[in-house]
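Below, each chain spelled out in residue letters.
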Amino acid sequence: DGNPPPITPAPLPATTIQSVEVITTPSSRYAAEGSAGIINIILKKEREDGWNGQANATAGTGDKYNTSLSLNYHQGKLNLFGSYDFRQDRRTGFGSIDQRTSLPVGDLVLMQTFSSVNYRTNHAVRLGFDYALTPEQTLTLAVQPRFNRSSGIEEVLSSQNNVTTNTPIATG
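The sections below set out a description of the structure shown in this document. (Residues numbered from 1 in each chain as written. Predicted model: local features only at pLDDT ≥ 70, side-chain atom pairs only at ≥ 80, totals over all residues. Heavy atoms only, no water.)

Comments concerning the overall build of the protein
The cut-off we apply is this: Segments assigned H or I by DSSP are reported as helices when at least four residues long, segments assigned E as strands when at least two residues long, and all are numbered from the N terminus. Here's how the labels work: a residue is buried when its accessible area is under 20% of the maximum for its type, exposed when over 50%, partly exposed in between, all with a 1.4 Å probe on protein chains only. Only heavy atoms enter the contact rule, under which two residues are in contact if any of them lie within 4.5 Å.
What the protein contains, in helices and strands, is 0 helices and 9 strands. The order of helices and strands in the protein, counted from the N terminus, is β-β-β-β-β-β-β-β-β. Within the protein, the proportion of its 172 residues that are buried is 14%. Once local pairs closer than 6 in sequence are excluded, the contacts in the protein between residues at least 24 apart make up 54%.

Some thoughts on the pattern of salt bridges
We count it as follows: Each salt bridge in this description consists of a side-chain nitrogen of Lys or Arg and a carboxyl oxygen of Asp or Glu lying within 4 Å of one another.
For the coordinates displayed, the defined rule picks out 5 salt bridges. A salt bridge links R120 to D89, with the nearest nitrogen and oxygen atoms 3.6 Å apart. Taken together, the residues R120 in strand 6 (residues 106–132) and D89 in strand 5 (residues 78–103) connect sequence positions 31 residues apart. Of the charged contacts, one joins R100 and D107 as a salt bridge, the two residues approaching to 3.4 Å between their closest N and O atoms. Salt bridges linked by common partners bring R87, D89, R91 and R120 together as one network.

Considering the environment of T167
Inspection of the secondary structure assignment puts T167 in strand 9 (residues 167–168). Expressed as a C-alpha distance, the spacing of T167 and L108, which sit 59 residues apart in the sequence, is 9.7 Å. When residues no more than four places from it in sequence are discounted, the contact partners of T167 are N161 and N162.

Quick look at the environment of S158
We count it as follows: As used in this structure description, the phrase polar contact means that two N or O atoms lie within 3.5 Å; if the pair is within protein, one of them must be able to donate a hydrogen and the other to accept it, and residues adjacent in sequence are counted only when both atoms belong to side chains.
Tracing the chain through its elements places S158 in strand 8 (residues 146–162). Judged by relative accessible area, S158 falls into the partly exposed class, the value being 42%. Leaving out residues up to four positions away in the same chain, S158 has contacts with M111 and Q112. Here the side chain of S158 touches Q112 through a polar contact of 3.0 Å, side chain to side chain.

Purely spatial values, then, with no claim about function.
Shown next, in the form of structure tokens:
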């Protein structure tokens, strides 16, 4: 329907969909490349005045959490809307590298192991209004600030040895 999708894609109840359009050759307005098409989901326009909203909360394995809240107030030609999304997760990583280099002084072996923990927190807000100029034309003003924060801890253990002389090599 020409409006941007919600901040976090969520399933749409079939009763809210008016029609679905498939645009096989989108205009340059959509910056489509190659043979990509666009699916335009046109939602029913709720004409009743009043409040409506939706709240979601999900949790996943490994300390992953999402919540969202969307509220809408419709009165006559004016529609006020707002939403807030929150996401927090922790991701871990582990790995190792074994590298062998042949030099005239002998073969060198580099062995590394590493582990990491990364934390991410995301906040997104969307506020705005629609004003119906005519039944076919709507003026929309919306803002969507985001705040993203991430931090991480990474530990790398390294050792390098001359295999030919079986001696460690000092790293610095």
